[in-house]
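Descriptive analysis of the structure
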Amino acid sequence: MRYVSTRGKAPVLSFEDALLAGLASDGGLYVPESCPRFENAELESFIKRAYADVACDTIYPFVEGEIEKTDLRKLMFDTYKGFRHEDVAPLRKLADDFWVLELFHGPTLAFKDFALQFLGRMFDRVLAERKQKVTIVGATSGDTGSAAIEACRDRENIEIVILHPKGRVSDVQRRQMTTVDSSNVHNIAIEGSFDDCQDLVKAMFADAAFRKDMNLSAINSINWARIVAQVAYYMAAGAKVAAITGKKPAFVVPTGNFGNVYAGYVAGSMGLPIEKLVVATNRNDILDRFFKTGIMKQAAVEPSLSPSMDIQVSSNFERLLFELYGRDGAAVGKTMRHFREKGPFTLDEGMMKKARAIFASGHLSDDDTKSVIGRIWREKEYLCDPHTAVGIGVAEEWQRQNPGVPVICLSTAHPAKFPEAVFAASGMRPELPPHMKDIFTKPERCHTLPNDLGQVKGYIGKSVFPLSPLGRGVG
Ligand SMILES: *Cc1c(COP(=O)(O)O)cnc(C)c1O
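From a predicted model like this one, the values you see are computed outputs, not experimental measurements.

1. Some points on the confidence of the model for the protein
Within the protein, residue pLDDT values average 94, and 97% of them lie at 70 or more. Here residues 467-475 is a poorly scored stretch, pLDDT under 50, and it has 16 contacts once near neighbours within four places are set aside; other chains count.

If you want it as structure tokens, here you go:
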């Protein structure tokens, strides 16, 4: 498979090159040149197969010609062997025609492990083959950072630098990052918002000299390899619920960067029958407003109970925009430049009709999020985290308006990642799984910096590969 940029001006790359590149050199995102499609029989066969096999079959068409299927299969079994549930992504029935897809049984208790455990192993494989080293630089609103660090720690050819907004991630989230005692792990707390962190990362990638010196690579959800790994749980869950109900399910997805729900869009494009993809946001509802009005208009980021969704500019949305524009990279580039420099843009009715055929949306306030957590605990004895609660609240409302459609709500984090919010809402203290119980006693390693590109670059230059045999480290 070959990969093209959503802005149409970057070189066309192989899977492995797109993996290492992350963001395209024209500022766009890589997408596959064409979309493979599954036959119904193949989709139905997923019901009986191990999760790692479904993942292997889903990913293989995207890497064909670069990785042997037997190697990929081994890699996928290795990727998911550390998950704590035998189904890897278990479905939990909460009510008639209502399931929660639990995506938090990986090492860092959030769905990001699904993609990042795969990505870390892929990087390792490709870098070893090419005898290269990279510096992975990423911004996190909470969960990406720990999942990326866990996936890359102690890997010989990788240095990993994670920027998080100081004071805006939960204690558990921060400690999951800062208590990792590996010399290739570098945490930076930025005095600013998640969008500031993301802008700093983008600016570093846009600086050709710095990018080359540091051999920068991305793990944020702009990396195509992350998306493709996430497509697999839509396949596995969608096939199962279709078999149980005999109907096409809707997926409700708590959304921030639009990565997870975009993976659902890819699953649909590959032939998985999906009634609707419902985008669920918190008070930072730019995407909900967009799907309702056709206007993409940024507002200030406001902290919420679901911090991993406190995002205004959703990077992966550009991939959907590319499809809505009929894969016209020049038009996408123009719109994105306009959005960045001048502000809001509006899509015409034709495009919105296309979008609304597939997507619906809703948002939930913090108060309603708390009520959902409390009510689901009282009624079902099921404890959910605030991100999942946003999904459940939006899903219930959507199902009221669309009765008879089976709903799968993605549960993106374990409740123990957000113990204060969960306790305040339910009176229950979710317990951390045994492997994480010591994070409150371990020492933290983290450096605080202002929202200043020069200082961040300077710090990374000094900290990363100081003894690099390639002489790449600055100073
Ligand atoms: C990252 C994250 C999200 C948002 O996912 P996107 O792919 O950015 O839409 C939602 N919930 C949790 C718990 C997360 O960590």
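Having seen the model, we can carry on.
2. Some thoughts on the sheet that holds strand β6 (residues 134-139)
Backbone hydrogen bonds are what pair the strands of a sheet, in a parallel or an antiparallel way. In space, the 5 strands of this open sheet follow the order β9-β6-β7-β8-β16, with parallel pairing throughout. On the outer flanks of this sheet lie β9 (216-218) and β16 (447-450), each paired with one strand and no other. Geometrically, the sheet is characterised by an average inter-axis angle of 30° between neighbouring strands, direction not taken into account. With 6 bridges joining them, β6 and strand β7 (residues 158-165) adopt parallel strand pairing.

3. What about the layout of surface pockets?
There is about 690 Å³ of room inside the largest pocket. Considering the residues around the largest pocket, the lining is formed by 32 residues, among which Arg7, Gly27, Lys202, Met336 and Arg340 are closest to the centre. Where the lining of the largest pocket is concerned, the elements lending two or more residues are α8 (194-206), α12 (286-293), α13 (317-324) and α14 (329-341). Per-element tally for the lining of the largest pocket: the top contributor is α8, with 8 residues. Across the lining of the largest pocket, the residue classes break down as 14 nonpolar, 7 polar and 11 charged. Size it by volume and the second largest pocket reaches roughly 260 Å³. Together, 17 residues line the second largest pocket, and Ser361, Gly362, Val394, Glu397 and Trp398 are the ones closest to its centre. Within the residue set of the lining of the second largest pocket, elements represented by two or more residues are α12, β14 (359-363), α16 (366-380) and α17 (386-401). Counting residues per element, the lining of the second largest pocket draws most heavily on α17, which supplies 7 residues. Looking at side-chain class alone, the lining of the second largest pocket contains 6 nonpolar, 5 polar and 6 charged residues.

4. A closer look at the packing of α13 against α14
Running from N to C, α13 and α14 point in directions that differ by 135°, and their axes come no closer than 9 Å. Regarding the angle of α13 to α14, the classification is oblique. Crossing of α13 against α14: the hand is right-handed. Contact residues: Glu318, Leu321 and Phe322 in α13; Gly329, Val332, Thr335 and Met336 in α14. Tallied by class, the residues present in the contact of α13 with α14 amount to 4 nonpolar, 2 polar and 1 charged.

5. Considerations on the site of the ligand
In the vicinity of the ligand there are 15 residues, among which Lys112, Asp143, Gly256, Asn257 and Thr412 approach most closely. The contact in question runs from an oxygen atom of the ligand to an N or O atom on the side chain of lysine 112, over 2.5 Å. Within the side chain of threonine 412, a nitrogen or oxygen atom sits 2.8 Å from a nitrogen atom of the ligand. The cavity where the ligand resides is the largest cavity.

6. Describing empty space enclosed by the protein
Over the atoms, a rolled probe matching the size of one water molecule traces out where space is still vacant. According to the stated counting rule, one finds 3 cavities of 30 Å³ or more in the structure shown. In this structure, the largest cavity encloses a volume near 250 Å³. Looking at the largest cavity, it is lined by 26 residues, and the ones nearest its centre are Phe111, Lys112, Gly256, Asn257 and Ser308. Looking at the lining of the largest cavity, the elements that each hand over two or more residues are α6 (143-152), α8, α10 (224-245) and α11 (259-269). Counting residues per element, the lining of the largest cavity draws most heavily on α11, at 3 residues.

Procedures and definitions
Residues numbered from 1 in each chain as written. Predicted model: local features only at pLDDT ≥ 70, side-chain atom pairs only at ≥ 80, totals over all residues. Heavy atoms only, no water. pLDDT = per-residue confidence, 0-100. Contact = heavy atoms within 4.5 Å. Pairing = 2+ DSSP bridges. Helix = DSSP H or I, 4+ residues; strand = E, 2+ residues; numbered from the N terminus. Axes fitted to C-alpha atoms, helices over the stretch in contact; angles between N-to-C directions. 1 Å grid on protein atoms, 1.4 Å probe; cavity = no way out; pocket = protein on both sides within 12 Å on 5 of 7 lines; lining within 4 Å. Points joined across faces, edges and corners; volume = space filled by probe spheres on them. Nonpolar A, V, L, I, M, F, W, Y, C, P; charged D, E, K, R; others polar. Parallel < 35°, antiparallel > 145°, perpendicular 65-115°, else oblique. Left-handed = near helix turned anticlockwise from the far one by under 90°. Near = heavy atom within 4 Å. Polar contact = N/O pair within 3.5 Å; in protein donor to acceptor, adjacent residues only side chain to side chain. Sits in = over half its atoms within 2 Å of the grid points.

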